[in-house]
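A look at the structure
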Amino acid sequence: MKYYSTNKNTPEVTLQEAVVKGLAADNGLFMPERIEKFDPEFFEKIDQLSFQEIAYEVALRFFGEDVDHEHLKEIVYDTLQFDCPVVKVTDSIYSLELFHGPTLAFKDVGARFMARLLNYFLEEKDQQVNVLVATSGDTGSAVANGFLGVEGIHVHVLYPKGKVSKIQEVQFTTLGQNITALEIEGTFDDCQHLVKMAFLDKELNEKVILTSANSINVARFLPQAFYYFNAYARLKEAGVINGKELVVSVPSGNFGNLTAGLIAAEMGLPIKQFIAANNANDVVFEYLQTGKYNPRPSVETIANAMDVGAPSNFARILDLYDHSHQLISEKIKGFRYFDEEIRKVIYEVYQQTNYLCDPHGACGFQSLTEFLKDGQIGVFLETAHPAKFTETVEDVIGKGRVRLPKKLAAFMTGEKQSIEMDSAYESFRKYLLK
Ligand SMILES: *Cc1c(COP(=O)(O)O)cnc(C)c1O
């Protein structure tokens, strides 16, 4: 399968090139040339398949032409060493818990898949590849842990100094080995900008091999479709679907997760409606209401993994629907929540149902309570474990109420190692050339 650039100003490339390069030569994002549909019968029996079996079927439709099937199966099964269960919260609202991986956030799925696919493509070559990743919190840890110890790959994590939570920080600053954390004086957008500049720097790219592991990489973003299919299967298995319409709400920042869901739906997965749940960073919310798209600097919120002012995957959404505002605003409904509302939702959901949302999932939950109609079932993506945001969550529900899962506690005992850097491109460039 070939991959084209959303800017359509550069020739199509192979999967291998798309994965290694990350970003297209014309600064666009790669998209698969075709989206293969499943037969409707697949969905009639999907509840008889396991998560891994479903994911492999989906992976075959993306990568089956380019990766031998034995290997692909191995990559899928090895990636999904943890479950993504669907948990009932109210009579009509379910939580798709994506926080059971090594770093307790949904990005584990894409990051682990990408590390394994990149390793597959690089295995025969004797090259050192540099993975650059800008993070507002959870990407860094997922990518660092996904790639930890993978030979021939060095990961450089750029994060905004003082703007990620302690728990997020320890997950990518304490690993050592092939992982280096760069503490940038600036915002997440500055970090993302540095990474983009490095990719566009011709001279630099002649000297070092760079690739991206942000959600722009097709090997990270497409596998996120796996758990949408599995969620449907598990709800069907539990007898919940039963002729009801499915509405899925996605707490969104860079919009990679939502785009993967849209692609799943294009493949035939019966999702009636998508919701994009935003925090105060509301560029896409505004676009959905007005048709005007005005990227701008991000603002800090308590749902900080969604603090994105210029969502990179928006280009893919535009491309998927031929830039039609009408179509996009039909497919996606927008909701926006400010910090005070998010706190209130965490509190009320906990009081009323005993379910503890993290600040991102809370946006998803609330949008469903506002949107759902009779005969519909809502699923929100619980994108991180609430313990990753203990301070915020305990502020709302009371001290000592959030239990730290073992996996997180283990990170807290490690020693922080990082390199501090200003946000000037020249500094970053010098570091990469060293
Ligand atoms: C990354 C992240 C998001 C946003 O996902 P996108 O794919 O960038 O839209 C939401 N919640 C959490 C916890 C995240 O880590």
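This text goes with the structure placed above it.
Treat the numbers as computed from the prediction; the structure is a model and nothing was measured. (Residues numbered from 1 in each chain as written. Predicted model: local features only at pLDDT ≥ 70, side-chain atom pairs only at ≥ 80, totals over all residues. Heavy atoms only, no water.)

A closer look at the overall build of the protein
Each helix and strand in the protein was counted, giving 20 helices and 13 strands. Here the protein has a C-alpha radius of gyration of 20 Å; the compact-globule value for 434 residues is 22 Å, and the two agree. Taking the principal axes of its C-alpha atoms as reference, the protein extends roughly 60 × 50 × 45 Å. For the protein, buried positions account for 61% of its 434 residues. The long-range share in the protein, meaning contacts at least 24 apart out of those at least 6 apart in sequence, stands at 75%. Across the protein, the mean location of the 43 positive side-chain charges is 2 Å away from that of the 59 negative side-chain charges. (Helix = DSSP H or I, 4+ residues; strand = E, 2+ residues; numbered from the N terminus. Rg over C-alpha atoms; globule rule 2.2 N^0.38 Å. Buried < 20%, exposed > 50% of the residue type's maximum accessible area, 1.4 Å probe, protein only. Contact = heavy atoms within 4.5 Å. Lys, Arg positive; Asp, Glu negative; His and termini not counted. Charge placed at Lys NZ, Arg CZ, Asp CG, Glu CD.)

A closer look at the pairing of strand E10 (residues 273-278)
Most of E10 is tucked away: 6 of the 6 residues are buried. Where burial is concerned, the two faces of E10 agree: the one with Gln 273, Ile 275 and Ala 277 and the one with Phe 274, Ala 276 and Asn 278 are both buried. As defined by bridge partners, strand E9 (residues 245-251) adjoins E10 across 5 bridges and the pair is classed as parallel. Note on E10: the bridge partner recorded for Val 247 is Gln 273. Of the crossover connections in this fold, the one passing from E9 over helix H12 (residues 256-266) to the parallel E10 is right-handed. Pairing of E10 with strand E11 (residues 332-336), which is carried by 5 bridges, proceeds in the parallel orientation. Looking at E11, one finds that Ile 275 is bridged to Lys 333. (Pairing = 2+ DSSP bridges. Right-handed = clockwise from strand over helix to strand, strands pointing away.)

Comments concerning the sheet that holds E11
Paired through backbone hydrogen bonds, the strands of a sheet run either parallel or antiparallel to each other. Across the sheet, which stays open at both edges, the 6 strands sit in the order E3-E4-E12-E9-E10-E11 with mixed pairing between neighbours. Since the sheet does not close on itself, it has two edges, and those belong to strand E3 (86-88) and E11, each with one partner. Across the sheet, the axes of successive neighbouring strands diverge by a mean angle of 25 degrees, strand direction being ignored. The strands touched by helix H11 (residues 226-237) are E3, strand E4 (93-97), E9, E10 and strand E12 (376-382); relative to E9, the strand with the most contacts, the crossing angle is about 140 degrees. Lying on the sheet, helix H13 (residues 283-290) is in contact with E10 and E11; it crosses E11 at an angle near 125 degrees. (Axes fitted to C-alpha atoms, helices over the stretch in contact; angles between N-to-C directions.)

A word on the packing of aromatic side chains
This model, assessed by the stated rule, comprises 19 aromatic pairs. A centroid spacing of 4.1 Å and a plane angle of 15 degrees characterise the contact between Phe 38 and Phe 42, whose relative ring orientation is stacked. Assessed through its relative accessible area of 14%, Phe 42 is described here as buried. Within the aromatic cluster, the residues linked to one another by ring pairs are Phe 38, Phe 42, Phe 43, Phe 229 and Tyr 232. Directly above the ring of Phe 371 sits Lys 373, whose terminal nitrogen or CZ lies 3.8 Å from the centroid. (Phe/Tyr/Trp six-rings, centres within 6.5 Å; stacked < 30°, edge-to-face > 60°. Lys NZ or Arg CZ within 6 Å of the ring centre and 35° of its normal.)

Quick look at the nonpolar core
In terms of nonpolar packing, the biggest core is built from 143 residues, with Tyr 228 and Phe 229 touching the most fellow members. Here the element with the most residues in this core is helix H5 (residues 107-122); it accounts for 10 residues. Apart from residues lying up to four places away in sequence, Tyr 228 is in contact with Val 248, Val 250, Asn 257, Leu 258, Ala 260, Gly 261, Ala 264, Leu 269, Ile 271, Phe 274 and Leu 381. Core analysis: the second largest hydrophobic core is formed by 20 residues, Ile 184, Cys 191, Ala 198 and Leu 432 among them. (Core = buried A, V, L, I, M, F, W, Y, C linked by side-chain atoms within 4.5 Å.)

Re the site of the ligand
Taken together, 15 residues are adjacent to the ligand, and Lys 107, Gly 253, Asn 254, Phe 255 and Thr 383 come closest. Here an oxygen atom of the ligand and a backbone polar atom of Asn 257 are 2.9 Å apart. Its residues assigned to classes, the shell around the ligand shows 6 nonpolar, 7 polar and 2 charged. (Near = heavy atom within 4 Å. Polar contact = N/O pair within 3.5 Å; in protein donor to acceptor, adjacent residues only side chain to side chain. Nonpolar A, V, L, I, M, F, W, Y, C, P; charged D, E, K, R; others polar.)

A word on the pattern of salt bridges
This structure, assessed with the given rule, holds 23 salt bridges. Across the pair Lys 21 and Glu 17 runs a salt bridge whose closest N-O atoms are separated by 3.0 Å. Of this pair, Lys 21 and Glu 17 both sit in helix H1 (residues 15-21), separated by 4 residues, roughly a single helical turn. Here Lys 161 ties to Glu 183 by a salt bridge, and the two come within 3.8 Å at their closest N and O atoms. Of the two residues, Lys 161 is situated in the loop between strand E6 (153-160) and helix H7 (166-173) and Glu 183 in strand E7 (residues 179-184); the sequence distance between them amounts to 22 residues. (Salt bridge = Lys/Arg side-chain N within 4 Å of Asp/Glu carboxyl O.)

Brief notes about the environment of Gln 366
Relative to the assigned elements, Gln 366 resides in helix H17 (residues 359-371). In this view, Gln 366 contacts Tyr 337 and Val 345; residues no more than four positions away in its chain are not counted.

Some remarks on the environment of Lys 344
Mapping Lys 344 onto the fold places it in helix H16 (residues 339-353). Along the backbone, Lys 344 and Gly 140 are 204 residues apart, and their C-alpha atoms lie at a distance of 29 Å.

Overview of the packing of H5 against helix H6 (residues 138-147)
A pair of packed helices is characterised by two quantities: the angle between their axes and the separation of those axes. At a closest axis distance of 8 Å, the pairing of H5 and H6 adopts a crossing angle of 40 degrees. Between H5 and H6, the angle is such that the two are oblique. Between H5 and H6 lies a crossing whose hand is right-handed. Each of Lys 107, Asp 108, Ala 111, Arg 112, Met 114, Ala 115, Arg 116 and Leu 118 in H5 lies in contact with H6, whose residues at this interface are Asp 138, Thr 139, Ala 142, Val 143, Gly 146 and Phe 147. (Parallel < 35°, antiparallel > 145°, perpendicular 65-115°, else oblique. Left-handed = near helix turned anticlockwise from the far one by under 90°.)

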